[in-house]
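Chain residues, written in single-letter form:
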Amino acid sequence: MIIAIDGPAGSGKSTVAKLIAKRLSYRYIDTGAMYRAVAWTAEKKNLSLADETAMAEIAVSLKIEFVPDADGQSVLVDGENATAHLKNETVGRGAATVAAQKSVREVLVAKQRQIGKAGNVVMDGRDIGTVVFPQADKKFFFVADADERGRRRYEELKSKNPGLDLQNIIEEIRQRDHEDRNRKISPLVRAKDALEVDTTQLNIEEVTDHVFKNINNI
Ligand code: DC
């Protein structure tokens, strides 16, 4: 069984994907973390994110592992626990740049297919239901108002960033949407057979229950 959850930043897909995977005892694969891992590694090596060949080489050589732990899941990049680094907003911006590069996507999509091959996986991202696993057993496409997604991101980040500005965060969300929806390769788009879930007015439990019921045809 392969469950694909796609949607824009802040739509709640990662949180819900994680909970669904836990309920079903499936693996959870955060494909955004893979694009982030490439950007993070490039920044550490002082490489230009615009250098597509270098970015693709990083994507090929990186060993990215998803390891279940007490906090849910850690992401190991070449053996180093990079979970906290990958959440960084600068890394997120870099990820959007490398995610627009054809050769990087080819490498990471191949890795995602390899990971998913064993089945019983919940995978979230932007192109899982359209490109990575068009034959996924269940597909969901999460949406939510940009203002609400900005507020969620703000709540998540403000404890570690006291100077954070809500309007800036909302602006960044809109900017990221624009980049993800308008890039030439694998733009963010709902698969025709994906169930759209608008999470604007719903809490995490409500969304998780809704998705879970749909998976089980209840
Ligand atoms: O979901 P996220 O914020 O961790 O994703 C980081 C960036 O990677 C974001 O710009 C979208 C992009 N991405 C993608 O293009 N395809 C995916 N399957 C996952 C993420």
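Above this text you will find the structure in question.
Keep in mind the model is a prediction, meaning the values are calculated, not measured. (Residues numbered from 1 in each chain as written. Predicted model: local features only at pLDDT ≥ 70, side-chain atom pairs only at ≥ 80, totals over all residues. Heavy atoms only, no water.)

J.: Explain the overall build of the chain here, please?
T.: In terms of regular secondary structure, the chain is built from 10 helices and eight strands. Taking 218 residues into account, the globule formula puts the C-alpha radius of gyration at 17 Å, and the chain, at 16 Å, falls close to it. Each of the 218 residues in the chain was classed as buried or not, and the buried ones make up 50%. Sequence separation of 24 or more characterises 72% of the internal contacts of the chain that already satisfy a separation of 6 or more. Carbon together with sulfur atoms contributes 49% to the accessible area of the chain, which is approximately 11100 Å² in total. (Helix = DSSP H or I, 4+ residues; strand = E, 2+ residues; numbered from the N terminus. Rg over C-alpha atoms; globule rule 2.2 N^0.38 Å. Buried < 20%, exposed > 50% of the residue type's maximum accessible area, 1.4 Å probe, protein only. Contact = heavy atoms within 4.5 Å. Areas by Shrake-Rupley, 256 points an atom, 1.4 Å probe, with all protein chains shown as cover.)

J.: Even after reading the chapter, I still don't get the side chain of Thr-208, so can you show me in this structure?
T.: With respect to the helices and strands, the residue Thr-208 is situated in helix α10 (residues 204–215). Exposure remark for Thr-208: the relative accessible area of 2% places this residue in the buried category.

J.: Would you explain the sheet that holds strand β3 (residues 64–69) in this entry?
T.: If you walk across this open sheet you meet the three strands as β3-β4-β5, and the pairing is antiparallel. Unpaired on one side and paired on the other, β3 and β5 (80–81) mark the two borders of the sheet. Across two bridges, the pairing between strand β4 (residues 72–77) and β5 is antiparallel. Counted as the bridge partner of Val-77 is Glu-80 from β5. (Pairing = 2+ DSSP bridges.)

J.: Could you clarify how one ought to interpret the site of the ligand in this entry?
T.: Residues in close proximity to the ligand total 15 residues, the closest being Arg-36, Arg-105, Arg-126, Asp-127 and Arg-183. With respect to the ligand, the side chain of Thr-31 contributes an N or O atom lying 2.9 Å from a nitrogen atom. Here a nitrogen atom of the ligand sits 2.8 Å away from a polar atom, N or O, in the side chain of Asp-127. Contact with the protein chains removes 96% of the 450 Å² of surface that the ligand exposes when unbound. Of all elements in the fold, only α2 (31–44), α5 (89–98) and α9 (166–182) reach the threshold of two or more residues within the shell around the ligand. Among the elements that line the shell around the ligand, the one with the most residues is α2, at four residues. When its residues are assigned to classes, the shell around the ligand shows four nonpolar, three polar and eight charged. (Near = heavy atom within 4 Å. Polar contact = N/O pair within 3.5 Å; in protein donor to acceptor, adjacent residues only side chain to side chain. Nonpolar A, V, L, I, M, F, W, Y, C, P; charged D, E, K, R; others polar.)

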